[in-house]
Every structure is written in C-alpha cells, then in structure tokens.
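Chain residues, written in single-letter form:
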Amino acid sequence: MTTKTLKTLSTTELDILTAFGYQVSTWQNTHGDDASIVKIEYSDDTGDFEITTNKANQGRTRRVSRLTADIIHWASGQLDTLEYQGIYADKLMVAYQDNQFSIDLVPKPAKQDQDEQSTDDTPTNAEPVNDPISNEQDSTDAQS
C-alpha cells in the first residue's frame, strides 16, 4: 500500500491545475505520446521556462518543437492571467507524469504592495513646523 501526500490547493492553484489538465488532454490528442510527460517550471529570477516532455530532442540544438512552443504559449498566458489578477509568480511549476498532476505556485508580493511598504508614514499635507522662511514671512507681515 502506498501512502499519498495530500496538498491543500488555493483557488488560484486549482484554477491553473484545472486548465492544465484540459490542456494536457489537448496536447496528447495533438502530439500523442510526446505529451505523456509535461513539466513546466518558471522562475522569476531568470524569467525563463524550463520545459520537459517525453519528446526526444534528437540532437537538435537551438530549436524548439511545436509541442514545446505550445506549452510555452500556454504557460505564458497563465502568468499573464495571474498578473491581471494582481498575483506575481516568483516560481510556478506544473507537471503531468504517470497519470498524476502536481502544482507549486510561490507568489511574491505585488509591486503595489512593495511600493506601499517602502513609503514612510509622514502625511503629505502636513504643515511645516520650524520652517524659518515661513516664520520670517509671518513676522514681516505682523510688522507691516
């Protein structure tokens, strides 16, 4: 008896995994056994995708198969959808192998959140307290 590890998914991960499941079916119908393994890894550090499929590279360098291009297109669309929702992926991994799906999404704080955290709490409309120029003008006005 094998023990399964359960992972709790966020609704965002579930949405991505559901779309990925449908897409794997499409790739398998289009590309056959080449899509029996599909693994997509994205890292914001590099801004690149690492794609693994069952399709042999056959010694070709600097060339991308149609399957790999389709996978990159789909994955790029998922990142665009996340960003539209205000979620920026630090890392994203989705995989299909041996009739099992897996996902790992590591979001990073949105740019807006980072900007808000970097500002100080000084009110922008506060009056200056010890401003010599303002004090001079006030005393000059009083003398006239």
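Here we summarise the structure given alongside this text. Since the model is a prediction, treat every value here as computed from it, not as a measurement. Counting from 1, residues in each chain are numbered in the order their sequence is written. Totals for whole chains, interfaces and linings use all residues, but because this is a predicted model, local features are given only for residues with pLDDT of at least 70 and pairs of side-chain atoms are given and counted only at 80 or more. Side-chain measures here rest on the full set of heavy atoms in the structure, leaving out hydrogens and waters.

### Quick look at the overall build of the protein chain
Then comes step 1: Going along the chain from the N terminus, every DSSP run of H or I of four or more residues is numbered as a helix, and every run of E of two or more is numbered as a strand. The secondary structure content of the protein chain amounts to four helices and four strands.
Then comes step 2: In the protein chain, the order of α-helices and β-strands from amino to carboxyl end is α-β-β-α-β-β-α-α.
Then comes step 3: Counting over 144 residues, the protein chain shows a buried share of 23%.
Then comes step 4: In the protein chain, the share of contacts with a sequence separation of at least 24, taken over all contacts with a separation of at least 6, comes to 53%.
Then comes step 5: We get accessible surface area from the Shrake-Rupley algorithm with a probe of 1.4 Å; when it comes to residues, only the shown protein chains can shield them. Entry remark: accessible area of the protein chain is about 10900 Å², with carbon and sulfur atoms responsible for 46%. Exposure categories follow from relative accessible area, calculated using a 1.4 Å probe and restricted to protein chains: below 20% of the type maximum is buried, above 50% is exposed, and the middle band is partly exposed. Contacts: residue pairs with any heavy atoms within 4.5 Å of one another.

### Points about the sheet that holds strand β4 (residues 100-108)
Then comes step 1: When DSSP finds two or more bridges between two strands, those strands count as paired. Ordered by their spatial adjacency, four strands build an open sheet running β2-β1-β3-β4, and the pairing between neighbours is antiparallel. Each edge of the sheet is formed by a strand with only one pairing partner; in this case those strands are β2 (48-53) and β4. With strand direction ignored, the average angle separating the axes of adjacent strands in the sheet is 10 degrees.
Then comes step 2: The pairing of strand β1 (residues 38-43) with β2 spans six bridges and is classified as antiparallel. In the strand pairing of β2, Tyr 42 is matched with Phe 49.
Then comes step 3: Set on the sheet, helix α1 (residues 11-31) makes contact with β1, β3 (88-97) and β4; between it and β4 the angle comes to about 135 degrees.
Then comes step 4: Here helix α2 (residues 66-84) sits on the sheet and contacts β1, β2, β3 and β4; the angle it forms with β2, its principal contact strand, is near 135 degrees. Helix axes are fitted to C-alpha atoms over the stretch in contact, other axes to C-alpha atoms as well, and angles between N-to-C directions run from 0 to 180 degrees.

### Brief notes about the pairing of β1
Then comes step 1: If you look at the hairpin formed by β1 and β2, you'll find four residues sitting between the two strands, and Gly 47 has a positive phi there, around 75 degrees.
Then comes step 2: Sheet topology places β1 next to β3; six bridges connect them, and they run antiparallel. For Tyr 42, the partnering residue across the bridge sits in β3 and is Leu 92.

### What to know about the side chain of Ser 43
Then comes step 1: Its place among the elements puts Ser 43 in strand β1.
Then comes step 2: The class of Ser 43 is buried, set by a relative accessible area of 16%.

### Some points on the packing of α1 against α2
Then comes step 1: Running from N to C, α1 and α2 cross one another at 160 degrees; their axes reach a closest spacing of 11 Å. In terms of orientation, α1 lies roughly antiparallel with respect to α2. Read as a crossing pair, α1 and α2 show a hand that is right-handed. Residue-level inspection shows Thr 12, Ile 16, Ala 19, Phe 20, Gln 23, Trp 27 and His 31 of α1 in contact with α2, the latter providing Arg 66, Leu 67, Asp 70, Ile 71, Trp 74, Gln 78 and Leu 82.
Then comes step 2: Asp, Glu, Lys and Arg are counted as charged, while Ala, Val, Leu, Ile, Met, Phe, Trp, Tyr, Cys and Pro are counted as nonpolar; the rest, among them Gly, fall into the polar class. Per-class residue counts for the contact of α1 with α2 are eight nonpolar, four polar and two charged. We call two directions roughly parallel when the angle between them is under 35 degrees, roughly antiparallel when it is over 145, roughly perpendicular when it lies between 65 and 115, and oblique otherwise. Here is the rule for handedness: rotate from the far helix to the near one, and if that takes an anticlockwise turn smaller than a right angle the crossing is left-handed, while a clockwise turn gives right-handed.

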